[in-house]
Amino acid sequence: MTDDQERVQPSGVWATAVGVAKVRALETGRENALFRDPLAQAFAAAGGLWPAPSPPPGDEAARRRRLGVAFSIVIRTKFLDDLLRRASASGIWQVVVLGAGMDSRAFRMDWPEGTRLFEVDTAAPLDFKASVLRQEGAAARCERIPVAVDLREDWPGALAAAGHDPMAPTVWIAEGLLIYLPEDAVELLLARIGAQSAAGSRMGLTLGSRGVIERFGADAAPGSAASMWVSEMPDDPVGWLAGHGWDAECHTLRERAAAYGRPMSTPPQGEERPGGLISAVRR
Ligand SMILES: C[S@@+](CC[C@H](N)C(=O)[O-])C[C@H]1O[C@@H](n2cnc3c(N)ncnc32)[C@H](O)[C@@H]1O
């Protein structure tokens, strides 16, 4: 049987990872792309999302929401690419991508020799990913270590068993993940990350901005990404992360998009709060 025939098809929360890959494939095709992800199209195609299906006609509000989500994925990808490059340049050689999905940074970015990159997600998306990587003959540009575990279980144990060294600084990424976890699970995740983080570790997070669930999730189609969103960022993300032992900086999508030469076309809606793109350093 070929990989294609035996491949498990996306479902539930991990299907969102294939949707993210579709957005990255579309960005990769742009002349002035903010990043290039050559594997994204293969992930999207394997999950039945490439060529990108035409959206159902009619609903202008739904179309705008989809474009807004896609835009935020492009900006956050660039934000975290930059954060990882800075962490690598500072000498950090351990990278942990939580809820990695179809993240292909191990394959598409340059890494200093000795870099170990752990991809943590449940078994089904990691199996799907492995079959696409085999099909594409993809070769990682660092030591890549998939860790199949549910983040509601003992993932620090699984990470340690896979070779993570908590005594050496780590750069952690949780991209498009926390919005799918209830608040108590987010708190537990942060506490566990902190417990595995030597001083000088870094972290990049994306948080659902305030009000996004009401604006996007309330009338979201069943099974869509937005229908599974459950948590938004706290009122004071910097204070919240300080309580977890991190010096954090918050960026808004609007500010980062402008900095990347991709300004948002929509006017600000009222007062802009500190945003959902977080970069943090462990005290
Ligand atoms: C929207 S996708 C983002 C994927 C990736 N971070 C990216 O930006 O390309 C969310 C990912 O979180 C993973 N995820 C959600 N809940 C999880 C859990 N309890 N344990 C492990 N992974 C989880 C899903 O499987 C999925 O791959």
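About the thresholds
- Residues numbered from 1 in each chain as written.
- Predicted model: local features only at pLDDT ≥ 70, side-chain atom pairs only at ≥ 80, totals over all residues.
- Heavy atoms only, no water.
- Helix = DSSP H or I, 4+ residues; strand = E, 2+ residues; numbered from the N terminus.
- Rg over C-alpha atoms; globule rule 2.2 N^0.38 Å.
- Buried < 20%, exposed > 50% of the residue type's maximum accessible area, 1.4 Å probe, protein only.
- Contact = heavy atoms within 4.5 Å.
- Areas by Shrake-Rupley, 256 points an atom, 1.4 Å probe, with all protein chains shown as cover.
- Expected span 1.5 Å × (residues − 1).
- Near = heavy atom within 4 Å.
- Polar contact = N/O pair within 3.5 Å; in protein donor to acceptor, adjacent residues only side chain to side chain.
- Nonpolar A, V, L, I, M, F, W, Y, C, P; charged D, E, K, R; others polar.
- Axes fitted to C-alpha atoms, helices over the stretch in contact; angles between N-to-C directions.
- Parallel < 35°, antiparallel > 145°, perpendicular 65-115°, else oblique.
- Pairing = 2+ DSSP bridges.
- Right-handed = clockwise from strand over helix to strand, strands pointing away.
- Phe/Tyr/Trp six-rings, centres within 6.5 Å; stacked < 30°, edge-to-face > 60°.
- Salt bridge = Lys/Arg side-chain N within 4 Å of Asp/Glu carboxyl O.

Peer 1: Would you take a moment to explain the overall build of the protein for this structure?
Peer 2: Assigned secondary structure in the protein consists of 11 helices and 7 strands. Over its C-alpha trace the protein gives a radius of gyration of 18 Å, about what one expects of a compact globule, namely 19 Å for 283 residues. C-alpha atoms of the protein, sized along the principal axes, occupy 55 × 55 × 35 Å. The buried share among the 283 residues of the protein stands at 48%. When contacts within the protein are restricted to residue pairs at least 6 apart in sequence, those whose partners lie at least 24 apart make up 76%. Per element, the accessible surface of the protein, about 13200 Å² overall, is 54% carbon and sulfur.

Peer 1: What exactly am I supposed to notice about helix α2 (residues 15–28) here?
Peer 2: Along an α-helix, a turn takes 3.6 residues, which lines up residues three or four apart on a common side. Between its terminal C-alpha atoms α2 stretches 20 Å, which fits the 20 Å expected from 14 residues at 1.5 Å a residue. With 10 of 14 residues buried, α2 lies mostly within the body of the structure. On its buried face, α2 sits against α3 (40–46), α4 (60–89) and α6 (123–136).

Peer 1: Would you mind going over the site of the ligand with me for this structure?
Peer 2: Taken together, 20 residues lie around the ligand, and R24, G99, D121, L151 and E175 are the ones closest in. With respect to the ligand, the side chain of D121 contributes an N or O atom lying 2.6 Å from an oxygen atom. For the ligand, whose accessible area on its own is 590 Å², the fraction buried by protein is 97%. The greatest single-element share of the shell around the ligand, amounting to 4 residues, is contributed by α2. Across the shell around the ligand, the residue classes tally to 9 nonpolar, 5 polar and 6 charged.

Peer 1: What is the right way to look at the packing of α2 against α4 in this model?
Peer 2: Each pair of packed helices can be described by the angle between their axes along with the distance between the axes. Across the interface, α2 lies against α4 with an axial gap of 10 Å and an inter-helix angle of 75°. It follows that α2 is roughly perpendicular to α4 by the angle criterion. On α4, the residues touching V20, V23, R24 and E27 of α2 are A70, I73, V74, R76 and T77. Grouping the amino acids of the contact of α2 with α4 by side-chain chemistry returns 5 nonpolar, 1 polar and 3 charged.

Peer 1: How should I be thinking about the pairing of strand β3 (residues 143–148) in this particular structure?
Peer 2: Sheet faces and side chains relate simply in a regular strand, where the side chains alternate between the two faces. As paired strands, strand β2 (residues 116–121) and β3 are joined by 6 bridges and run parallel to one another. Counterpart to R116 in the pairing with β3 is E143. Traced from β2 through α6 to β3, the parallel crossover comes out right-handed.

Peer 1: Explain the side chain of S88 here, please?
Peer 2: In this structure, S88 sits in helix α4. With relative accessibility at 11%, the residue S88 sits in the buried group. Ignoring sequence-local partners within four residues, the contact set of S88 consists of W111 and P112.

Peer 1: So what exactly am I meant to see when it comes to the sheet that holds β2 here?
Peer 2: The pairing of strands in a sheet happens through backbone hydrogen bonds and is either parallel or antiparallel. With mixed pairing, 7 strands are arranged side by side in an open sheet as β3-β2-β1-β4-β5-β7-β6. Edge positions in the sheet fall to β3 and β6 (246–251), since each of these pairs with one other strand and no more. Within the sheet, the average angular offset between the axes of one strand and its neighbour, ignoring direction, is 15°. Along the sheet, α6 contacts β2 and β3; its crossing angle with β3, the most-contacted strand, is approximately 145°.

Peer 1: Looking at this model, I keep getting lost on the packing of aromatic side chains. Mind explaining?
Peer 2: The geometry of an aromatic ring pair comes down to the distance between the two centres and the angle between the two planes. Within the structure shown, the criterion is met by 2 aromatic pairs. Judged by centre distance (6.0 Å) and plane angle (75°), the rings of W155 and W172 are edge-to-face. Note that W155 is positioned in helix α7 (residues 155–161) and W172 in strand β4 (residues 170–174), a separation of 17 residues in sequence. Like W172, W155 is buried.

Peer 1: Would you explain helix α8 (residues 183–195) in this entry?
Peer 2: Compared with an ideal rise of 1.5 Å per residue, which puts 13 residues at 18 Å, α8 spans 19 Å between its outermost C-alpha atoms and is within 8% of the ideal. Buried within α8 are the following residues: V186, L189, L190, R192, I193 and G194.

Peer 1: How should I be thinking about the pattern of salt bridges in this particular structure?
Peer 2: Once the charged atoms of two side chains with opposite charge are near each other, the side chains can pair. Throughout the structure, instances matching the rule amount to 21 salt bridges. Two residues, E60 and R64, come together in a salt bridge whose shortest N-O distance is 3.4 Å. Residue E60 and its partner R64 are located together in helix α4, separated by 4 residues, close to a single helical turn. Using a relative accessible area of 36% as the deciding quantity, one classes E60 as partly exposed. Note that R210 and E232 form a salt bridge whose closest N and O atoms lie 3.7 Å from each other.

Everything listed here is a matter of coordinates, which is why it stays silent on function.
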